[in-house]
Amino acid sequence: ITCVRSNKTLCFVFQLRPKPPLLKILQVAGAQGETFTLKEVMHYLGQYIMVRQLYDKRQQHMVYCGGDQLGELLGLESFSVKDPSPVYDMLKRNLTSAAM
Ligand SMILES: C[C@@H](c1ccc(Cl)cc1)n1cnc(-c2ccccc2)c1-c1c(C(=O)NCCN2CCN(C3CCCCC3)CC2)[nH]c2cc(Cl)ccc12
């Protein structure tokens, strides 16, 4: 947990440590370092999907990740960004609290 002070309010930002297979994916998308906020993890995963052109150009909410490391982690061939639950399940398996 890091504590940041912004406009006189204290807020606690939970740092998360990706397991190696997820960290590798985030690094392809430009991530530096070993701990991230959930927002940063989601940002880099989005960038990864863009960089690796895994989304369907016509149906842009569909991600085809079969055959990619992302698909291995998710255990899916494809998913819709409209249903984030498989991604959250994968993150539960691949993120640990950095505070431990
Ligand atoms: C709401 C958010 C979201 C965030 C988390 C989840 Cl679990 C679902 C959905 N989202 C909505 N569309 C996308 C998206 C769609 C296609 C390609 C890349 C990203 C995202 C995702 C972001 C992101 O950080 N999104 C910023 C704005 N996006 C708009 C879409 N933009 C692209 C859409 C395709 C065409 C090019 C622009 C990129 C920036 N991070 C993600 C990570 C994953 Cl594992 C899956 C999807 C996303």
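Criteria and thresholds
Position numbers for residues start from 1 in each chain and track the written sequence from start to end. Given that the model is predicted, a residue must reach a pLDDT of at least 70 before its local features are reported, and side-chain atom pairs must reach 80 or more before they are shown or counted; all residues, however, enter totals for whole chains, interfaces and linings. Excluding hydrogens and water, the side-chain figures rest on all heavy atoms present in the structure. Per-residue confidence from the predictor is reported as pLDDT, which spans 0 to 100. Note that patches include only residues with greater than 30% relative accessible area and no salt bridge, and the join distances are 9 Å for like charges and 5 Å for nonpolar side chains (Val, Leu, Ile, Met, Phe, Trp, Tyr). All accessible-area figures derive from a Shrake-Rupley calculation using a 1.4 Å probe, and residue coverage is judged against the displayed protein chains alone. We define a salt bridge as a side-chain nitrogen of Lys or Arg found within 4 Å of a carboxyl oxygen belonging to Asp or Glu. Strands are runs of DSSP state E lasting at least 2 residues, helices are runs of H or I lasting at least 4, and numbering of each runs from the N terminus. Burial classification: accessible surface area is computed with a 1.4 Å probe over protein chains only, and a residue below 20% of its type maximum counts as buried, one above 50% as exposed, and the rest as partly exposed. Each residue is tested against the molecule or strand, and it is near if at least one of its non-hydrogen atoms lies within 4 Å. Whenever two N or O atoms come within 3.5 Å, that pair is a polar contact, provided that in protein one can donate a hydrogen and the other can accept it, and provided that, for residues adjacent in sequence, both atoms are side-chain atoms. Stacked, tilted and edge-to-face pairs are distinguished by plane angle, under 30 degrees for stacked and over 60 for edge-to-face with tilted covering the rest, among Phe, Tyr and Trp rings (Trp via its six-membered ring) whose centres lie within 6.5 Å. A ring is scored as having a charge over it whenever the NZ atom of a lysine or the CZ atom of an arginine sits within 6 Å of its centre and within 35 degrees of its normal. Lines fitted to C-alpha atoms define the axes, with helix axes restricted to the stretch in contact, and inter-axis angles between N-to-C directions lie between 0 and 180 degrees. Roughly parallel covers angles under 35 degrees, roughly antiparallel covers those over 145, roughly perpendicular covers 65 to 115, and oblique covers all other angles. With the far helix as reference, a near helix turned anticlockwise by less than a right angle produces a left-handed crossing, and one turned clockwise produces a right-handed crossing. Contacts are residue-level and defined by heavy atoms, with any inter-residue pair within 4.5 Å sufficient. As a working rule, the residues Ala, Val, Leu, Ile, Met, Phe, Trp, Tyr, Cys and Pro are called nonpolar, Asp, Glu, Lys and Arg charged, and the rest polar, with Gly in that last group.

Q: Honestly, the confidence of the model for the chain in this entry has me stumped. Any pointers?
A: For residues with low pLDDT, the predicted coordinates do not support detailed interpretation. In this model, the chain carries a mean pLDDT of 94, and residues with pLDDT of at least 70 account for 98%. Predicted complex, confidence summary: ipTM 0.98, pTM 0.93.

Q: Help me understand a nonpolar patch on the surface, please; the structure alone is not making it clear to me.
A: A cluster of nonpolar side chains, namely Ile1, Phe12 and Phe14, defines an oily patch on the protein surface of about 360 Å² accessible area. Residue placement: Phe14 occurs in the loop between strand S2 (9-13) and strand S3 (16-18). Judged by its relative accessible area of 53%, Phe14 falls in the exposed class.

Q: Which parts of the structure should I look at to understand the site of the ligand?
A: All residues in the neighbourhood of the ligand are listed as Met42, His43, Leu45, Gly46, Ile49, Met50, Tyr55, Gln60, Val81, Pro84 and Val87. The separation between a nitrogen atom of the ligand and a polar main-chain atom of Met42 is 2.9 Å. If the ligand stood free it would expose 760 Å²; the protein chains cover 63% of that surface. Here the shell around the ligand gets six residues from one element, more than from any other, and that element is helix H2 (residues 38-51).

Q: Sorry, what's going on with the packing of aromatic side chains here?
A: Aromatic ring pairs: the centre-centre distance and the angle between the two ring planes describe each pair. Taken as a whole, this structure holds one aromatic pair when the rule is applied. Relative to Tyr44, the ring of Phe36 lies with its centre 6.1 Å away and its plane at 70°, an arrangement referred to as edge-to-face. Given the relative accessible area of 2%, Phe36 is considered buried. A relative accessible area of 19% means that Tyr44 is categorised as buried. The ring centre of Tyr55 lies 4.4 Å from the NZ or CZ of Lys57, which sits over that ring.

Q: Explain the packing of H2 against helix H4 (residues 85-94) to me, please; I cannot follow it from the model alone.
A: Packed helices, taken two at a time, are described by the angle between their axes plus the distance between the axes. Put simply, H2 and H4 touch, their axes get as near as 13 Å, and they point 120° apart. It follows from the interaxial angle that H2 and H4 lie oblique. Read as a crossing pair, H2 and H4 show a hand that is right-handed. Between H2, through Leu38, Val41, Met42 and Leu45, and H4, the contact on the second element is made entirely by Val87, Tyr88, Met90 and Leu91. For the contact of H2 with H4, a count of residues per class yields eight nonpolar, no polar and no charged.

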